[in-house]
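Here is what each chain is made of, one letter per residue.
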Amino acid sequence: MDSKINKREIDKRLTELFMGAFGFDEAEYDYFLSHFTRKLLKKKEIYSTTGSIANSKAYVNKGCARTFVIDEAGNEKILYFSFEDFWLCDFESFSTGLPGKHNVEMLEDSELLIISKNDWTKLEKEIPKMNQWYIRKVARSAGAMLNRLAEVKIDSPEERYLNLLKTKPYIFQRIPLKHIAAFLDIQPQSLSRMRKRLLK
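Report on the accompanying structure. Residue positions are given per chain, counting from 1 as you read along its sequence in written order. With the structure being a predicted model, the display of local features is reserved for residues of pLDDT at least 70 and the display and counting of side-chain atom pairs for 80 or more, all residues being used for whole-chain, interface and lining totals. The basis for every side-chain value is the complete set of heavy atoms in the structure, and neither hydrogens nor water enter the calculation.

1. Side note on the overall build of the protein
The condition is simple: Secondary structure counts use DSSP, requiring at least four H or I residues in a row for a helix and at least two E residues in a row for a strand, with both numbered from the N terminus. The classification of residues rests on relative accessible area computed with a 1.4 Å probe and restricted to protein chains. Under 20% of the type maximum is buried, over 50% is exposed, and intermediate values are partly exposed. In what follows, a contact means two residues having at least one pair of non-hydrogen atoms within 4.5 Å.
The helix and strand inventory of the protein stands at nine helices and nine strands. Taken along its principal axes, the extent of the C-alpha atoms in the protein is 55 × 35 × 30 Å. Residues counted as buried form 36% of the 200 residues belonging to the protein. Counted over contacts in the protein with a minimum sequence separation of 6, partners at least 24 positions apart contribute 72%.

Here it is in structure tokens:
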């Protein structure tokens, strides 16, 4: 279901980002929001799939999702989880217009604020301050993915689990263990045994 946006219901972090960090005035922010559409997705609904072209991006106002790929053996490999104040988008596909490589599934009933690529490109020209967001987002995303790759290559499964528990404990309150196991690149049974052993 798509509908217009009620500004009072928008996560305050989006307002703080564009009005606080980037200095949008009230008129610019209202104009910016007018290009978004509110979309409600149920738990287990798919937002995007491998092979689709990213013609929009979505701000997670409420809920969470998982972004994953499927290997040749049919196993799901979760790249990351997205919660409130995250953006859902295959940024490479969004930038190049080529088919995307990722799948995105909602893990909770979620509310997304969606903007088309055409509108986003138009707003970048009309509100130059938006480039600040893009530069910051790309730098943060690149850094996070490099850290994630290094962790998978270097750390043991137990170290990856303990680091996740330390840095993002909220994940264990909202994400099923089978998906956490896929994110940590270990078998669900191994994760269960590890958790029991560490709790002793």
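2. A short note on the pairing of strand β9 (residues 110–116)
Heads up, the condition is: When DSSP finds at least two bridges between two strands, those strands are taken to pair.
Where burial is concerned, most of β9 is hidden: six out of the seven residues are buried. Inspection of the sheet shows strand β2 (residues 37–41) paired to β9 by five bridges, in the antiparallel sense. When the bridges of β9 are listed, L40 appears paired with E111. Sheet analysis places strand β4 (residues 56–62) next to β9, joined by six bridges and oriented antiparallel. By the bridge assignment, K62 is partnered in β9 with E111.

3. Concerning the packing of aromatic side chains
Rules: By convention, a stacked pair of Phe, Tyr or Trp rings (six-membered ring in the case of Trp) has centres within 6.5 Å and planes under 30 degrees apart, an edge-to-face pair has planes over 60 apart, and any other such pair is tilted. By the criterion adopted, a ring carries a charge over it if an Arg CZ or a Lys NZ lies within 6 Å of its centre and within 35 degrees of its normal.
Taken as a whole, this structure holds 13 aromatic pairs when the rule is applied. Taking 6.2 Å as the distance between ring centres and 65° as the angle between the ring planes, the aromatic pair formed by F32 and W120 counts as edge-to-face. With a gap of 88 residues between them, F32 in helix α2 (residues 26–33) and W120 in helix α4 (residues 117–126) connect regions that are remote in the sequence. On the basis of relative accessibility, which here comes to 0%, the residue F32 falls in the buried class. Its relative accessible area of 1% is what places W120 among the buried residues. With centroids separated by 5.7 Å and ring planes inclined at 75°, the aromatic side chains of W87 and W120 adopt a geometry described as edge-to-face. Separated by 33 residues along the polypeptide, W87 in strand β7 (residues 87–88) and W120 in helix α4 bring together distant segments of the chain. Like W120, W87 is buried. Within the aromatic cluster, the residues linked to one another by ring pairs are F18, F24, Y29, F32, F36, Y59, W87 and W120. The ring of F68 has R66 sitting right over it, with the charged end atom 4.0 Å from the ring centre.

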